[in-house]
Amino acid sequence: MLIFKTVNIITVLLLIILLLGYVLNWNPLWLIFPIITIWLILTALGSGLIGWNYHFKSVNSNPNIKKHQVAITFDDGPNPEFTPQVLALLKSFHAKATFFCIGKNIDQHPDLFKTIIEDGHTVGNHTYSHSNTFGFFGFTKVLTELQETNQSIKKHGGLHCKLYRPAFGVTNPNIKKAIKALGLTSIGWNQRSFDTTNLSDVTILKRITKDLKKGDIILLHDSSAKTLRVLEQLLLFLQQQNLESVTIDSLCQLEAYA
């Protein structure tokens, strides 16, 4: 059973017990408020932390893999300034990666999107707008965003996409319903770089490599010069550790396309 359902069932049972206790003068009414507060905190954290698999299950790593492989993933592209440099770096190290692309960016840079595919990398759905309020969209709007991105992937890449990376790692029941309707597999991560923050190159690289092991999924963004510097050092590190960077579908034995 998903954590979300378990938490909801326990919360409802506790509230029923406390309300019954209040009616029977066993406990004061205010005891229900800490329960509601805890539920709100757990739901907020579970919605924002993809590794919890709170609302639905995401593929966050492959701990059972036998080969010495990891998956580097990039969100938010294609970016006309930085994605070509990322592709060049990956090619120089004979590495493969997965690019979760924003639909509107695909439409704006279709040739670059095609190059990602031609270079042997996997592409996935990362919503159409990547709106800051995506987590508050209703089901219909979420579904439309994912459909539009899949249409862009089909139009410019000739592929029927089956992989989805939640924007900001946010999950909720509406997103769950939408990805189920479209037959998408949610892809998370277990090595978050925070390369879009003010952290230094050195700190970001240490975050990724400190406990890196085969089967891990690394989250990066092909949208900054800092990520390029980190990527180069990461690829050198993988080379030294005899770890191969492969696509997410290869690492986790998934179908990337229908």
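Above this text sits the structure in question.
## What about the overall build of the protein chain?
So, step 1. The secondary structure content of the protein chain amounts to 10 helices and 8 strands.
So, step 2. The principal-axis extents of the C-alpha atoms in the protein chain amount to approximately 75 × 40 × 35 Å.
So, step 3. Classification of the 258 residues of the protein chain by burial places 48% in the buried group.
So, step 4. Of the contacts made within the protein chain by residues no fewer than 6 positions apart, 75% connect residues no fewer than 24 positions apart.
So, step 5. For the protein chain, the accessible surface area stands at approximately 12,900 Å², while carbon and sulfur atoms represent 59% of it.

## Observations regarding the packing of aromatic side chains
The geometry of an aromatic ring pair is captured by the separation of the ring centres together with the interplanar angle, meaning the angle of the planes.
So, step 1. Enumeration over the complete set of coordinates arrives at 4 aromatic pairs.
So, step 2. The interplanar angle of 65° and the centroid separation of 5.7 Å between the aromatic rings of Phe4 and Tyr54 together place this pair among those described as edge-to-face. One end of the pair, Phe4, is in helix H1 (residues 3-23); the other, Tyr54, is in the loop between helix H2 (32-48) and strand S1 (69-75), with 50 residues separating them in the sequence.
So, step 3. Each ring, one from Phe74 and one from Phe99, has its centre 5.0 Å from the other, and the planes form 20°; the classification is stacked.

## A closer look at unusual backbone geometry
So, step 1. With an omega of -5°, the peptide bond between Gly77 and Pro78 qualifies as cis.
So, step 2. Mapped onto the elements, Pro78 comes out in the loop between S1 and helix H3 (83-92).
So, step 3. In this structure, Phe168 is a non-glycine residue whose phi angle is positive, near 65°.
So, step 4. Within the secondary structure layout, Phe168 lies in the loop between strand S4 (163-164) and helix H7 (173-182).
So, step 5. Classification of Phe168 by relative accessible area gives partly exposed; the value is 36%.
So, step 6. Positive phi, normally seen in glycine, also occurs at Gln253, with a value near 55°.

## Observations concerning helix H5 (residues 110-118)
So, step 1. Every buried residue of H5 is accounted for by Leu112, Phe113 and Ile116. Taken down its axis, H5 places every buried residue within 105° of arc, on the same side. Turned more than 90 degrees away from the buried face of H5 sit Asp111 and Glu118, all of them exposed.
So, step 2. In this fold, the buried residues of H5 make contact with H3, strand S2 (97-101), helix H4 (103-108), strand S3 (122-125) and helix H6 (139-157).
So, step 3. Once H5 ends, the next one or two residues include Gly120, with phi positive near 90°.

## As for the environment of Phe4
So, step 1. As a C-alpha pair, Phe4 and His126 span 122 residues in sequence and 23 Å in three-dimensional space.
So, step 2. When near neighbours in sequence (up to four residues on either side) are disregarded, Phe4 contacts Tyr54, His55 and Pro173.

## Concerning the side chain of Asn125
So, step 1. Within the fold, Asn125 resides in strand S3.
So, step 2. Overall, Asn125 belongs to the buried group, its relative accessible area being 0%.
So, step 3. Contact partners of Asn125, with chain neighbours within four places excluded, come to Phe100, Cys101, Leu146, Thr149, Asn150, Ile153, Cys161, Leu163, Tyr164 and Arg165.

## Observations regarding the nonpolar core
So, step 1. In this structure, Ile72, Phe74, Phe99, Leu234 and Leu235 are the most contacted members of the largest nonpolar core, which totals 34 residues.
So, step 2. Taken together, the elements giving at least two residues each to this core come down to S1, H3, S2, H5, helix H8 (201-209), strand S7 (217-221) and helix H9 (225-240).
So, step 3. Per element, the largest residue contribution to this core is 6 residues, and it comes from H9.
So, step 4. Not counting chain neighbours up to four residues away, the residues in contact with Leu235 comprise Ile72, Leu89, Leu90, Phe93 and Ala95.
So, step 5. The next biggest cluster of nonpolar side chains, apart from the first, holds 15 residues, and it includes Ile187, Ile217, Ile248 and Leu251.

## Thoughts on the packing of H3 against H9
So, step 1. Where H3 meets H9, the closest approach of the two axes is 10 Å, and the angle between their N-to-C directions is 10°. Between H3 and H9, the angle falls in the class roughly parallel. Contacts between H3 and H9 involve Gln85, Val86, Leu89 and Leu90 from the former and Leu228, Leu231, Glu232 and Leu235 from the latter.
So, step 2. For the contact of H3 with H9, the residue count by class is 6 nonpolar, 1 polar and 1 charged.

The rules behind each value
- Residues numbered from 1 in each chain as written.
- Predicted model: local features only at pLDDT ≥ 70, side-chain atom pairs only at ≥ 80, totals over all residues.
- Heavy atoms only, no water.
- Helix = DSSP H or I, 4+ residues; strand = E, 2+ residues; numbered from the N terminus.
- Buried < 20%, exposed > 50% of the residue type's maximum accessible area, 1.4 Å probe, protein only.
- Contact = heavy atoms within 4.5 Å.
- Areas by Shrake-Rupley, 256 points an atom, 1.4 Å probe, with all protein chains shown as cover.
- Phe/Tyr/Trp six-rings, centres within 6.5 Å; stacked < 30°, edge-to-face > 60°.
- Arc of directions from axis to C-beta.
- Core = buried A, V, L, I, M, F, W, Y, C linked by side-chain atoms within 4.5 Å.
- Axes fitted to C-alpha atoms, helices over the stretch in contact; angles between N-to-C directions.
- Parallel < 35°, antiparallel > 145°, perpendicular 65-115°, else oblique.
- Nonpolar A, V, L, I, M, F, W, Y, C, P; charged D, E, K, R; others polar.

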